[in-house]
Structures are given as C-alpha cells and as structure tokens.
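Tertiary structure, described
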Amino acid sequence: MDDSIWAAAQAARGWLDTANGTGETELTCRILKLTEEAGEASAAWIGLLGQNPRKGVTHTREDVAAELADVVFTALVAIESLGLDARTVLDSCANKVRSRLGE
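Bear in mind that the values here come from a model prediction, so they are computed numbers and not experimental data. (Residues numbered from 1 in each chain as written. Predicted model: local features only at pLDDT ≥ 70, side-chain atom pairs only at ≥ 80, totals over all residues. Heavy atoms only, no water.)

A few points about the overall build of the protein chain
Looking only at helices and strands, the protein chain features four helices and zero strands. Of the regular secondary structure in the protein chain, the N- to C-terminal order runs α-α-α-α. Against the globule reference of 13 Å for 103 residues, the protein chain gives a C-alpha radius of gyration of 16 Å, more extended than a compact globule. Taking as baseline every contact in the protein chain between residues at least 6 positions apart, the subset at least 24 positions apart corresponds to 57%. Only carbon and sulfur atoms are counted for the fraction: they give 58% of the accessible area of the protein chain, which is about 6,900 Å². For the protein chain, the centre of its 10 positive side-chain charges and the centre of its 16 negative side-chain charges are spaced 6 Å apart. (Helix = DSSP H or I, 4+ residues; strand = E, 2+ residues; numbered from the N terminus. Rg over C-alpha atoms; globule rule 2.2 N^0.38 Å. Contact = heavy atoms within 4.5 Å. Areas by Shrake-Rupley, 256 points an atom, 1.4 Å probe, with all protein chains shown as cover. Lys, Arg positive; Asp, Glu negative; His and termini not counted. Charge placed at Lys NZ, Arg CZ, Asp CG, Glu CD.)

Pasting the structure below:
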C-alpha cells in the first residue's frame, strides 16, 4: 500500500485522540464503528441488487467498493488506536493468508 494510506490512518487516529480522548469508551466506539461501516457496505450491495422493492437499484459497484474501503480504513484506524502499527498487523495477516494458500 502507498505510504500515504498509513499516514492518513495515523493522522485520523491523532485527530480522534484530540477530539474524543483515548479512553476505553472511545476505543470501544472506534471498534464498533466497523460495524456501522460494514452495514453501509451491506446496504450498498442490497441497493446494487435492487433487493428493496420500494427503492429499486440505488447503488453501483463503485459505491459498494467505496463503502468497503471505508471498512478497511476504519479498521486501520482502530488498529492504530490499540497502540499498534497497522502496517505491521496487516502484513502479519497477509503472511498468515499466504501460508494457508501454500505460498
């Protein structure tokens, strides 16, 4: 990933720390924010499929991808908020997946 992504996640964490503090309640909210963002991705997918007859087709694949990117970025900020380096944690996860794939 581009270094600007990691810097943006760290900057977002800093901004949230300044605005909301760093207590357990704030950390809980940052982790729960993932659920909110995942719900928005789900809603976009439902909108792409037109599964709500009242609304019809309301989203595109690009909309779904943007919502999924919000999930990923929110997760990076949550990892940083745990006091960990998101790049290191994500690299470890990717290595675990690669080993499962026999790479």
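Some thoughts on the nonpolar core
Within soluble globular proteins, side chains that are nonpolar generally end up buried alongside one another. Trp6, Ala9, Leu16, Leu76, Val77, Ile79 and Ala86 form the largest nonpolar core, which has seven residues in total. Only α1 (3–20) and α3 (61–81) provide two or more residues apiece to this core. Setting aside anything within four residues of it in sequence, one finds Ile79 in contact with Leu84, Asp85, Ala86 and Val89. (Core = buried A, V, L, I, M, F, W, Y, C linked by side-chain atoms within 4.5 Å. Buried < 20%, exposed > 50% of the residue type's maximum accessible area, 1.4 Å probe, protein only.)

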